[in-house]
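So you can see what is in the structure, the chains are spelled out below.
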Amino acid sequence: MLTLLEKAHRYIESGEDKSVRISTRPDYIDKEVLSILARYGVTDIELGIQSMNDNVLAACRRGHTADDTRRACRMITETGFRLVGQMMTGLPCSDGQSELDTAREIVDMGACGARIYPLVVFHGTELEGMMLSGAFSPLPEDEVIRRSADVLDIFVSAGLEILRIGLCAQDNLLDGSSIAGGFYHPATGEMVK
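Residues numbered from 1 in each chain as written. Predicted model: local features only at pLDDT ≥ 70, side-chain atom pairs only at ≥ 80, totals over all residues. Heavy atoms only, no water.

A tally of regular secondary structure across the protein gives nine helices and seven strands. Whereas a compact globule of 193 residues would reach a radius of gyration of roughly 16 Å, the protein reaches 17 Å, a difference of no more than 12%. Once the C-alpha set of the protein is aligned to its principal axes, its extents read approximately 50 × 35 × 30 Å. Looking at the protein as a whole, 47% of its 193 residues are labelled buried. In the protein, of all internal contacts separated by at least 6 residues, the share reaching a separation of at least 24 is 72%. (Helix = DSSP H or I, 4+ residues; strand = E, 2+ residues; numbered from the N terminus. Rg over C-alpha atoms; globule rule 2.2 N^0.38 Å. Buried < 20%, exposed > 50% of the residue type's maximum accessible area, 1.4 Å probe, protein only. Contact = heavy atoms within 4.5 Å.)

A few words now on helix H2 (residues 31–39). Of all the positions in H2, only Val33, Leu34, Ile36 and Leu37 are classed as buried. Seen from one end, H2 has its buried residues packed into an arc of 160°, which puts them on one side. Among the exposed residues of H2, those oriented more than 90 degrees off its buried face are Lys31, Glu32 and Arg39. Downstream of H2 by a residue or two, Gly41 has a phi angle that is positive, lying close to 85°. (Arc of directions from axis to C-beta.)

Moving on, we come to the sheet that holds strand E6 (residues 161–165). Strands sit in the order E1-E2-E3-E4-E6 across an open sheet of five strands; the sheet is parallel. Two strands bound the open sheet, and with one partner strand each, they are strand E1 (20–24) and E6. Here the average twist between neighbouring strands, direction ignored, is 20°. The pairing of strand E4 (residues 113–118) with E6 spans four bridges and is classified as parallel. (Pairing = 2+ DSSP bridges. Axes fitted to C-alpha atoms, helices over the stretch in contact; angles between N-to-C directions.)

The full count for this structure, using the stated rule, is zero aromatic pairs. Geometry around Tyr28 places Arg25 over its ring, the cationic atom sitting 5.6 Å from the centre. (Phe/Tyr/Trp six-rings, centres within 6.5 Å; stacked < 30°, edge-to-face > 60°. Lys NZ or Arg CZ within 6 Å of the ring centre and 35° of its normal.)

The next subject is the pattern of salt bridges. Summed over all chains, the structure comprises 14 salt bridges. Here Arg82 ties to Asp44 by a salt bridge, and the two come within 2.9 Å at their closest N and O atoms. Here Arg82, found in strand E3 (residues 82–89), pairs with Asp44, found in strand E2 (residues 42–50); they are 38 residues apart in sequence, far enough to count as distant. By relative accessible area, which is 6% here, Asp44 ends up buried. (Salt bridge = Lys/Arg side-chain N within 4 Å of Asp/Glu carboxyl O.)

Here helix H1 (residues 2–13) contains twelve residues, and its C-alpha end-to-end distance of 16 Å stays within 8% of the 16 Å for a straight helix at 1.5 Å per residue. Trailing H1 by a residue or two, Gly15 shows a phi angle of about 85°, which is positive. (Expected span 1.5 Å × (residues − 1).)

Among the nonpolar cores identified, the biggest contains 41 residues, and Leu37, Ile45 and Phe155 are the most heavily contacted of them. Ignoring anything within four residues of it in the chain, the contact list for Ile45 reads Ile22, Thr24, Ile29, Leu34, Leu37, Ile76, Phe81, Arg82, Leu83 and Val84. With ten residues, the next largest nonpolar core counts Met88, Leu127, Met131 and Phe136 among its residues. (Core = buried A, V, L, I, M, F, W, Y, C linked by side-chain atoms within 4.5 Å.)

A separate point is the side chain of Arg62. Among the secondary structure elements, Arg62 is positioned in the loop between helix H3 (54–59) and helix H4 (66–78). Residue contacts for Arg62: discarding those within four places in its chain leaves Arg25, Gly48, Gln50 and Leu57.

What follows is the structure, given as structure tokens:
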């Protein structure tokens, strides 16, 4: 972490840039980490919230709880960082209501921006194993688009900046070689809007 922050901070010291944006997990946030991030010019912390439903988090084996996320968001905003919430639609054990609740809570926790990621299942992952065993089925395209649009409406109504909807196009996504299931399209954001 320090090696990367030192490299990024050089751009601030040289005047080429003004700030650093990082992305991390809720359970990696503590006072010491926030103090280090502040020293290196970090202004925006994107938190991989994914869901605020403990059943969904447990099914996905995220390794943290919704309360861990609430604590991290409180620490981030109280320390003066800008908070961006990253959430996913279509996770195991999630439904439209739990996703709406997650979006509302991201707003309530003080986020100024959001990213929405419809679930993509990659080859060789535990999630692919769950899918192949029948323990989990990815959503059909129309449901992915509808649920993501419902979440988007909450964020837009609250005035959050929408940084991205869907994964950024990469060769292994465009040719489908790494995708085992779920929904991916290079124009997901436009489809959801």
